[in-house]
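Single-letter residue listing:
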Amino acid sequence: FTLKVPGSGLPVITRQISVAEGTGLIDAMEKNGVNAKYKDYSFGKMVTGIGIIEPGPNQYLAIYIDGNYSEKGISDIVPEQGQEIEFRLETISK
């Protein structure tokens, strides 16, 4: 699958990731050296940073799969071959 992460004032960073079928997204990222931070909640993990990218006040890292906002959290995503998974900084609307 393809992983896309926002860059700090730079274009999005894109990386091809290969893992065994059935590997969860967190494990896939860790096995491929993607430096991510998480926070545990009752509903699962939430990404709190990737590399040097950390959301500011009223922001979060949203997950998009093949261009669509993910209805699943990072703990529940199992990437498939050919998918594009992108993290985008989003603003929390009040």
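Computed from a prediction, not measured in an experiment: that's the story for all the values here.

Definitions and cut-offs
- In this numbering scheme, every chain counts its residues from 1 along its sequence in written order.
- The model is predicted, so local features are restricted to residues of pLDDT at least 70 and side-chain atom pairs to those at 80 or more, both for listing and for counting; the totals for chains, interfaces and linings are taken over all residues.
- The basis for every side-chain value is the complete set of non-hydrogen atoms in the structure, without hydrogens or water.
- Put simply, a salt bridge is a Lys or Arg side-chain nitrogen that is within 4 Å of an Asp or Glu carboxyl oxygen.
- Only runs of H or I of at least four residues qualify as helices and only runs of E of at least two qualify as strands under DSSP, and these elements are numbered from the N terminus.
- Whenever a nitrogen or oxygen atom comes within 3.5 Å of another N or O atom, the pair is scored as a polar contact, on the condition that within protein one atom can donate a hydrogen and the other can accept it, and that pairs from neighbouring residues in sequence are kept only if both atoms are in side chains.
- Contacts: residue pairs with any heavy atoms within 4.5 Å of one another.
- Pairing between two strands is assigned when DSSP locates at least 2 bridges connecting them.

Chemist: How would you summarise the pattern of salt bridges if you had to cite specific residues and measurements?
Modeler: A pair can form between side chains of opposite charge whenever their charged atoms are brought close. By the definition in use, this model includes 4 salt bridges. Across the pair Lys37 and Glu54 runs a salt bridge, and its minimum N-O distance is 2.5 Å. Here the residue Lys37 occupies a position in strand S3 (residues 36-41), and Glu54 occupies one in the loop between strand S4 (44-50) and strand S5 (59-65), the gap between them amounting to 17 residues. Measuring nitrogen to oxygen at the nearest pair gives 3.5 Å for the salt bridge that ties Glu86 to Arg88.

Chemist: Summarise the side chain of Thr23; cite the residues concerned and give the values.
Modeler: Looking at the element boundaries, Thr23 is found in the loop between strand S2 (13-16) and helix H1 (25-31). A polar contact is formed between the side chain of Thr23 and the backbone oxygen of Ala20, at a distance of 2.7 Å. When residues no more than four places from it in sequence are discounted, the contact partners of Thr23 are Ala28, Lys31, Val78 and Pro79.

Chemist: Which residues make up the sheet that holds strand S6 (residues 68-69), and what values do they have?
Modeler: Here 5 strands make up an open sheet; going across it, the order is S2-S1-S7-S5-S6 and the pairing mixed. Both edges of this open sheet fall to S2 and S6, since each of them pairs with a single strand only. Strand direction decides the pairing type here: strand S1 (residues 2-5) and S2, joined by 4 bridges, are antiparallel. Paired with Val5 across the two strands is Ile13, which belongs to S2.

Chemist: Explain the pairing of strand S7 (residues 84-91) residue by residue, including any values.
Modeler: Pairing of S1 with S7, which is carried by 3 bridges, proceeds in the parallel orientation. Of the residues in S7, the one forming a bridge with Thr2 is Glu84. With 7 bridges connecting them, S5 and S7 associate as antiparallel partners. Across the sheet, the residue bridging to Gln59 is Thr91, located in S7.

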